[in-house]
Amino acid sequence: MAETKIWSADELPAAVRAIKRGSLVAFPTETVYGLGADAFNDTAVGKVYAAKGRPSDNPLIVHVSDPEQVDRFAEVNDWAKKLMDAFWPGPLTMILPVKPGTVSTTVTGGLDTVAARMPDNDLTRALIREADAPLVGPSANTSGKPSPTTAQHVYHDLHGKIAGILDDGATKIGVESTVIDLSTDQPAVLRPGKITPGQIEDVLGVAVDSEIRHVDADEAPKAPGMKYRHYAPDKDVYMVAPEDWTQAIIWAQGQLEPVGLMLTNDLIIQHQLAGMDFVWSLGDNGDTAAAKLFAGLRYFDDRKDVRTVLVAAMPSTPENSAYNNRLGKSSGGHWVTELLAD
Ligand code: TXA
Ligand code: MG
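Calculation criteria
- Residues numbered from 1 in each chain as written.
- Chains lettered and ligands numbered in written order.
- Predicted model: local features only at pLDDT ≥ 70, side-chain atom pairs only at ≥ 80, totals over all residues.
- Pairing = 2+ DSSP bridges.
- Helix = DSSP H or I, 4+ residues; strand = E, 2+ residues; numbered from the N terminus.
- Axes fitted to C-alpha atoms, helices over the stretch in contact; angles between N-to-C directions.
- Buried ≥ 20, exposed ≤ 12 C-beta atoms within 10 Å, placed from the backbone.
- Domains from an automatic or database assignment.
- Contact = placed C-beta atoms within 7 Å.
- Nonpolar A, V, L, I, M, F, W, Y, C, P; charged D, E, K, R; others polar.

What follows concerns the sheet that holds strand β11 (residues 236-240). Think of a sheet as strands paired side by side through backbone hydrogen bonds, with each pair either parallel or antiparallel. Taken in spatial order, the four strands make up an open sheet running β11-β14-β12-β13, and their pairing is parallel. Looking at which strands have only one partner, the edges of the open sheet turn out to be β11 and β13 (279-281). Sheet twist, expressed as the mean angle between neighbouring strand axes with direction ignored, is 20°. Summarising the sheet, strand β12 (residues 260-263) and β13 pair through three bridges and their orientation is parallel. Bridging from a neighbouring strand, Leu-263 pairs with Ser-281 of β13.

Within β11, four of the five residues are buried, which leaves it mostly tucked inside the rest of the structure. Alignment of β11 against strand β14 (residues 308-312), held across five bridges, turns out to be parallel. Opposite Val-240, over in β14, you have Ala-312 as the bridge partner.

Here the focus is the domain arrangement of the protein. Split into domains, the protein comes out as domain 1 (5-227) and domain 2 (236-340). Taking the mean C-alpha position of each, domain 1 and domain 2 sit 28 Å from one another. If you look at the interface, domain 1 gives 16 residues, while domain 2 gives 16 residues. Its residues placed into classes, the side of domain 1 that touches domain 2 shows six nonpolar, eight polar and two charged.

Have a look at this one:
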């Protein structure tokens, strides 16, 4: 395939034409970059799985430019209407009953539900509106790798495999949307994100099931994506609790190779690590850490001299649960205390 283009906002018509002819276009959102194809063009949707190397039983989110577009493929119930009013455009994906004969099983992975989301990005909503096509959009990374938060991350993973990337700079939130299942008796969060279960309960006035289920590979999963290894660089990643940093840094400094450290600015200052090239700042708090997590993992992934990366876990609050969830997956659940015990 021809070279992958990086398009700026004024080149939007080129991206619109690419979608209309059934090609793949990566698009910016407030969370991470998505890999777009016309949700009603099955051949185009099939190319998404191939480009990402994604298992085809893992269904895709359909991105819309306006709430009314969801009627074209899903049953919009009262809960969904309330949540659309409260949070769209924004980082909330809703699982709804699919309307038979609309989007295909290539989109839904054969489920009788479909995921819908209206992203908070003007350029991407213009793309959807002008192509007159809701877009499927998994994160635009190679399957299993950290999600892309810049156009350059997308290019790194997918150049030569997609027509182009609509570039709108670094994404604001940095971790993927909250996924809420509204297709059963009780709303259930299937993937934590910026919008918390408490915020959803406040709008719906009903209890939300927020216990994220960890599924084994041979179980039928509720959020199919949960069963695959995710967000994983080719490095050994360990989580570090706040009280373990002093010991963790002593351990790191005793190694022959540089150990990557991803931590907040207060810790960088406290341990006099400012300016060190094996240090990646997560900024000042849980929100900035979420925005910088995947970029940091990718930075160390490309560093040939680094084999081990230590990353700060955030205090476990509802607001930090998306960050801690993604970090937990990147690290395979490993804590630095395993190294200190040796
Ligand atoms: O923030 C986001 O949601 C980003 C941006 C690009 O919008 N997209 C994203 O898509 O993260 P993806 O495909 O990487 O993750 C979608 C998740 C997967 O875990 C998938 O299994 C789940 O949503 N999902 C999709 N359709 C579903 C359905 N009908 N029932 C249950 N889970 C579903
Ligand atoms: Mg993904």
